Each structure stands twice: as structure tokens, then as C-alpha cells.
Amino acid sequence: MELVLSDQAAVMEKLQGFEFWQTTLQAASYVLAPMVEQSELAWRLLSRRHGAQLCYTPMLHAQVFLRDANYRRENLYNEVHPEDRPLIAQFCANDPEVFVQAALLAQDYCDAIDLNLGCPQMIAKRGHYGVFLQDEWDLLERMIKLANEKLSVPITCKIRVFPEVEKTVQYAKMLEKAGCQLLTVHGRTKDQKGALTGVASWEHIKAVRDAVNIPVFANGNIQHLSDVQRCMEETGVQGVMSAEGNLHNPALFEGRSPPVWEMAEEYLEVVQKHPPCTLSFVRAHLFKLWHHTLQIHQDLREDLAKAKNLAGLEEVNRQLKQRCQEEMVKDESERHHTGLPLPHWICQPYVRPAPKDPCRENGQKDLEVKAVSMKRALEDSDGSNDSLSKNKQKKKARNPHKNFCPELKPKYIKCEQCGNPKGNKCVFSLCRGCCKKMAYKEVADCPGHGLKFKTKAQKQATSGANGGQINGKSPIQTETCSAVPDQPAAPALA
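I will try to describe carefully the structure that is included in this document. Being a predicted model, the structure only gives us computed values, none of them experimental.

### A few points about the overall build of the chain
- In terms of helices and strands, the chain carries 22 helices and 11 strands.
- Buried residues in the chain amount to 46% of all 494 residues.
- Of the contacts formed within the chain by residues at least 6 apart in sequence, a portion of 64% connects residues at least 24 apart.
- Accessible area of the chain: about 25600 Å², with a carbon and sulfur share of 50%.

The following block contains the structure:
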């Protein structure tokens, strides 16, 4: 009884709202965003050296975090460092109980738990999390309320805006009422991503800031320190979060644009001091830092992609530095002209080119398209203005008839249970995962998904001894538990 009361007292004593921001988060204004496979410990420590006052972990999957001890160690427990505070751990989830149980395992290693309601990627749509929960207000209210009641640290949220300012404000107020203690608002809608990223709406962010009584961070359109200062002045937010701007220039919050090799060498030094760091994470950071230079030195781009260890990445970094320093001493007329505002070896933002109508890429009749307001435009060195991503361009090169126009893509029928595309020949009209559960439960076959539970049961019944039993059990009982997805194994008896 005393333990329960002490736990309740601890929860009641946790700081809230502005008191939490000022005390626990030390009134942080410069914030490093949560980035999948990009905001790992080494990058967070580098960013803190250069002005970041608060960092987020990469997004953690609540369900995986809850069931997998290795995942917990690799993504949070092994990345604890005294210099890496204040720190907020971000989760994606769509179930209140799973979210809270995962957060309880993480709360002792961070200063707050954040619920990701902003990820717009296809994987989030398939997993039913991130921004694809923004219309399910009842579910979100239950998740935030339960977390606020059970956790000993505050609960925060990161959201994207609706097209309508008023709906965005009501959304933010609902989250605040449910128990959210700090809100990060990314001023883009669910559909603003990839080539259609466009400009984030600071008008939406200001409207939220004026409507709620908790701290608000702004996210979007941050490429230089001057953008940070202007955003805070125009919106009145407590802090500004940077993602892509930070990846291309970790010294953004210092107001500096250092040579790329300075940041790259310092990052590699931090990686060496704080192992282990996944090689793919390090490679991805070097690709971002050297982005503009690698457009020129394509041979080293290939070497960077093929490097098999940290020493290989360091060697490519050394060669890139050497080539840039050799170019620096040349006359202006002999240097590579990229159309960038700064030399390509200086840390600076990458701005996506303005998109074309994807239907035109497929030979369709020209359609009247609304003008899309983009980030401050910078032309590529070849003047290309292609709307297709590099991945789509590769697909189109392999198949010139590949269609990327959304209006012309085939419409898939959804699974009746989970919303994923159903199997065209499924006897239950379900996706493979749901079909497997159903077929096991009903002891049925599904030729469309290659499932033969009924056939196996019949074979066991005819071949088994003791009147169709195997070891005294019915054939259905002898099916292994591994055939059922997500079914835990029976606990061992002492």
C-alpha cells in the first residue's frame, strides 16, 4: 500500500507545462529533432557541442521496445551519457496500453516521453502511427491521458498541421486537455513531403501558440540561425526544432557555416569515443554533410557507398577534404561552379527543386496545376527541375512505362480487419497477416496465401495412430505455437 502511495505521489510531483520546460529542459530554445537512424548518441553529442540545447532520440517503436530487450539496449539503454541531457525519448504507437508499458521501460533514461504524431512516411501509414492518427482524436486522448497518469515524467507530442488553421488549433487544445505538457508543431500537412514538401506554415504555428497554455516548439523552414530568430519573433514559440538543416550543418545553432570536413572529422571522432555506432548511420551522416561536394566527385560517392568499415569511411572523408583544399587554392575561374550561395565545401542547406506535374512525366496531357510554394529556391548545377525522387528516377530508367501519377495508379481493396491491401485471391478477403490468424483459428486453407492448416490437420489425422490422435492429442492441438503470429509461448512451470 505504501509503495502504491509513493508511486502516486511521485507522479503528482512531476513538473508540468512551463515549469517543466524552464526547470527540467532548462528553458531550451534550440532543439535537435527526432530523426530515424540519424539522431543517435554520437550525432546528439556533436549537435550539443555546437549549440543544441535539447535533443530527442530517434523514433522508437513502442511494440518492439516492449517485447525486445536487445532493441531496448541498442536504441536507448546503451546510449546513456551524462552530457546527453536534457533528452526526450520519442515513441510511435497506436495502442494506449502498449505505449504506456513501453514508456515505463524508458522513463528512467530520459526527461520526457514524446508521442510521434507527425511522421508522414508510407511505413507510418502501413503501421498506422504518426500523422495517420491525427483524425482519431478519441484514441489519442486515451493514449495521452493514460501516459500522463502512469508515467513519472511528462508526456509531450509532435504533430503536423491540418490545412485549416481552426482545426489545427482545436487539435492542439484537445492534446493539451488530455495531458500533453509540451507541443512541437511541424507547420506542414500530412501531404507535404518529398518533392511536394513546400513551405511550412508559421501562421498555423502562431495560432497554436496563442491558443494553448503549454510550451510550443516550431518545426519547419529552419536553414540558418537567422531563420530560428525570425521564427521565434513571428510565432512567439518557446523553441525551434531543426532536422534537415542540422543534418547539413550541425553548427546551425551557432550561426556558423564551417568547412564540411571540420564537422565530418569531429563527428567521426565522437563516433570513435562512443561506440558502438551503426555503420549505416555514420555513412548516412557523411552523405548529408558532403552532399554538394559528392555531386561533383561521383567516384568518391561510390567509394563512400561501398566502404565496409569505419576506417573506409574515414579514408573517403580524407580524400574529399584533400580535393576540396586543392580546389580552394585555385583561381576562381578554375573552380567548380555549382550555383550555390557558398562554395560546395562549406556546410549549407540543401533545397529541393520545385516539382513538375508527375502526370507530365508519364506522357499525359498537360494539366493545369496549382503553383506550389517551395523553400527558397536553389537551382541544381544542371538546371534540372525534375519532380521525381532519385529512387523513382531509377525505377523509371529500368521501366520507361512506369506510372507515378497518383490518379492513374490502381486502387487496392483494403483488408477488412487492418486496412492493409488484401490478397487478391484470399478466401477471407484479408491481408496475409490477418489471413494467417483466421486460417489457423478456423483450421482452414487459403490457396491465395499458400496456407494449408486444414490440409495438414487432415494428413495428421489420417496418418496418426490411436484413432486419428498423435501422442494422445488431436491434430489441431499438435500444431506448433509458432504458426500463430504474436502468440506468446507458454511459460515454463517450476
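Moving on, there is more to tell.
### Focus: the pairing of strand 5 (residues 112–117)
- Most of strand 5 is tucked away, with six of its six residues classed as buried.
- With burial as the criterion, each face of strand 5 is covered, one bearing Ala112, Asp114 and Asn116 and the other bearing Ile113, Leu115 and Leu117.
- For the handedness criterion, the β-α-β arrangement of strand 4 (residues 87–92), helix 6 (residues 96–106) and strand 5 is classed as right-handed.
- As paired strands, strand 5 and strand 6 (residues 155–160) are joined by five bridges and run parallel to one another. Looking at the pairing, Ile113 lines up with Ile155 of strand 6.

### Some details on the pattern of salt bridges
- What the rule picks out here adds up to 17 salt bridges.
- Notably, a salt bridge pairs Glu234 with Arg230, separated by 3.5 Å at the nearest N-O pair. Remark: Arg230 and Glu234 occur in helix 11 (residues 225–235); sequence separation between them is four residues, near one turn of the helix.
- Salt bridges sharing common partners tie together Arg44, Arg48, Glu79 and Asp84.

### Re the environment of Leu32
- Here Leu32 is to be found in strand 1 (residues 30–32).
- According to the relative accessible area criterion, Leu32 is buried, its value standing at 0%.
- The spacing of Leu32 and Val240 is 208 residues in sequence and 8.7 Å in space, taken between C-alpha atoms.
- Not counting chain neighbours up to four residues away, the residues in contact with Leu32 comprise Ser39, Trp43, Arg44, Ser47, Leu54, Cys55, Tyr56, Met241, Ser242 and Asn246.

### Observations concerning the nonpolar core
- One finds Phe91, Ile113, Leu175 and Leu183 to be the most contacted residues of the largest nonpolar core, which totals 106 residues.
- Here this core takes eight residues from helix 13 (residues 260–273), the largest share from any one element.
- Other than its neighbours up to four places away in sequence, Leu183 contacts Cys157, Ile159, Ala172, Leu175, Val208, Ile214, Pro215, Val216 and Phe217.
- Core analysis: the second largest hydrophobic core is formed by 10 residues, Cys415, Cys426, Ala439 and Cys446 among them.

Parameters and conventions
Residues numbered from 1 in each chain as written. Predicted model: local features only at pLDDT ≥ 70, side-chain atom pairs only at ≥ 80, totals over all residues. Heavy atoms only, no water. Helix = DSSP H or I, 4+ residues; strand = E, 2+ residues; numbered from the N terminus. Buried < 20%, exposed > 50% of the residue type's maximum accessible area, 1.4 Å probe, protein only. Contact = heavy atoms within 4.5 Å. Areas by Shrake-Rupley, 256 points an atom, 1.4 Å probe, with all protein chains shown as cover. Right-handed = clockwise from strand over helix to strand, strands pointing away. Pairing = 2+ DSSP bridges. Salt bridge = Lys/Arg side-chain N within 4 Å of Asp/Glu carboxyl O. Core = buried A, V, L, I, M, F, W, Y, C linked by side-chain atoms within 4.5 Å.

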